Amino acid sequence: MSDELPSVRIDDVERERAVAFLRHHLGDGRITLDEFSDRVGHVYAAVTNNDIEVVTRDLPVVVPRTTGMPAPAAASGSRLRRVVNVTVSIFSSSQRKGRWRVEGSTTAVSIMGSCQLDLRQAEVVGDEVTIHAFAVMGGVDIIVPEGIEVVMQGLPIMGSNQTAIRDVPVIPGSPLVRVRAFALMGGVTVRSRKPPGETKKLSHEQRRLERDARRADRHDRDRDRDRGRDRDRDGPPTRGLDRQPPPQLRRGIEAVAEDVRDEWTQLRSQVAPEGTVTILFSDIEGFTSLNERLGDMQAREVLREHYRLVRAELLTHRGFEVKVHGDGFMVAFDSAARALRCAQAIQKKQWAWTAAHPDTPLRVRMGLHTGEAIRDADDFLGSTVNLASRIATAARGEEILVSALLKELCASSGEFEFDRGQEIDLKGLSQPHRVFAVTWA
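Notes on the structure in this doc start here. Computed from a predicted model, the values in this text were never measured in an experiment.

1. Overview of unusual backbone geometry
Positive phi, normally seen in glycine, also occurs at Met 112, with a value near 55°. Its place among the elements puts Met 112 in the loop between strand E3 (101-111) and strand E4 (114-118). Looking at Met 112, the relative accessible area reads 40%, which means it is partly exposed.

2. A few points about empty space enclosed by the protein
Counting across every chain of the model gives one cavity of 30 Å³ or more. One number sums up the size of the largest cavity: a volume of about 30 Å³. Residue lining of the largest cavity: Gln 347, Gln 350, Trp 351, Leu 362, Val 364, Glu 398 and Trp 440, and that is the complete set. The dominant element in the lining of the largest cavity, judged by the number of residues it contributes, is helix H8 (residues 336-356), at three residues.

3. Notes on helix H7 (residues 296-316)
Given 3.6 residues to a turn, an α-helix orients residues that are three or four positions apart in the same direction. Its 21 residues give H7 an end-to-end C-alpha distance of 30 Å, which sits within 8% of 30 Å, the value for a rise of 1.5 Å per residue. For H7, the complete set of buried residues consists of Ala 299, Glu 301, Val 302, Leu 303, Glu 305, His 306, Tyr 307, Leu 309, Val 310, Glu 313 and Leu 314. Looking at the residues trailing H7, positive phi occurs at Arg 318, about 55°.

4. Considerations on the layout of surface pockets
Its volume calculated, the second largest pocket comes out at about 1500 Å³. Contributing to the lining of the second largest pocket are 47 residues, with Arg 15, Tyr 44, His 369, Ala 404 and Leu 405 lying nearest its centre. For the lining of the second largest pocket, the secondary structure elements donating two or more residues are helix H1 (12-27), helix H2 (33-45), helix H3 (49-56), H8, strand E14 (364-372), helix H9 (383-394), helix H10 (404-411) and strand E19 (433-437). Partitioned by chemical class, the residues of the lining of the second largest pocket number 21 nonpolar, 13 polar and 13 charged.

5. With respect to the pairing of strand E5 (residues 123-136)
Pairing geometry for E3 and E5, over ten bridges, is parallel. Within E5, the position partnered with Ser 105 by the bridge is Thr 130. In this sheet, strand E9 (residues 176-184) lies alongside E5 in parallel orientation, the contact comprising nine bridges. By the bridge assignment for E9, Val 136 is matched with Leu 184.

Parameters at a glance
Residues numbered from 1 in each chain as written. Predicted model: local features only at pLDDT ≥ 70, side-chain atom pairs only at ≥ 80, totals over all residues. Heavy atoms only, no water. Helix = DSSP H or I, 4+ residues; strand = E, 2+ residues; numbered from the N terminus. Buried < 20%, exposed > 50% of the residue type's maximum accessible area, 1.4 Å probe, protein only. 1 Å grid on protein atoms, 1.4 Å probe; cavity = no way out; pocket = protein on both sides within 12 Å on 5 of 7 lines; lining within 4 Å. Points joined across faces, edges and corners; volume = space filled by probe spheres on them. Expected span 1.5 Å × (residues − 1). Nonpolar A, V, L, I, M, F, W, Y, C, P; charged D, E, K, R; others polar. Pairing = 2+ DSSP bridges.

And the structure:
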């Protein structure tokens, strides 16, 4: 490719061709699994041919086979690394990391020791690699990049076989890693690479936030119980929204809430996702009219209930709260599937809340898109964010709309149901986009 070529928008066929091109260079040892994972993410986020050229410019051009698939090229002066067949640790520890080559299968044996195979920088040849792991009163630790499909089989005897793979979409064209594990009073573990910024232990601030959240939940339960007693004693229900705590108690609660918000703001910048992210926008349909009908004070209490409901699900599904503007949220996730689960959970919880409060119905609409976003401190910018925002604007109350790319990433798992989709014009965008509604009820 040449830098002088005009910028032309590409389609999915060209993206798949680029993925196949990278797949052959992975098998030929020119790029590692980790590099393959990163580059494929850029390919699927690419919009023009120049975006593809940036990802593949340092790789030699290959000659297509008769099947139309590119064939590996022989780089002048390149030397293939020796294939590693066995890694053994007996009463000691051994590591296989960095640039090493595996083809077909490899074996790891740990006898009263520890053995680690790190595939992130490995040169993997073929569509599938099998790892035979034997742990006898020892441990075998296997590390793979995120987005690599792993199948673990085997029988532990007075031991354990464990997988700790991050819930992210499988990278198209990536090799399958099959682990056949035998653990006798030992353990075999397969885990994916941790994302940047993720810590192994909870920090002091995180523990304080969790304690504050539990206290807030207890306060909400006590308040609801007291309101129930008031309704039983005073006669017809008043929904409790017009009842306010004493001024002194109210000021104390608001002061504690302000401290929690400040600590949460400091914590957010430590756990924000990087690279390819899924952006979710939400807002409440017709909230301006609802605010006018209820009045500012009562509408504010209703909105706080919505905040509490949404933030509880963000905590459960590890969503990063970017910002809140009025009745709308902007959230970032490092997993497209987890973002959809969170959106479904919010809709279900909000629907249940509305069923219990028919006088103040809240109908939430959501829009999601996956791609590369520009990180700016605690904010995200770029076309990925803009498209997610426009999709949310096109959604109706109680509807979850997603982009075609996000649908393709999650549809293969069979976990989610989508409609047939529709072409819509989005405000500020020159071309129509196809969006899909996600079933959640």
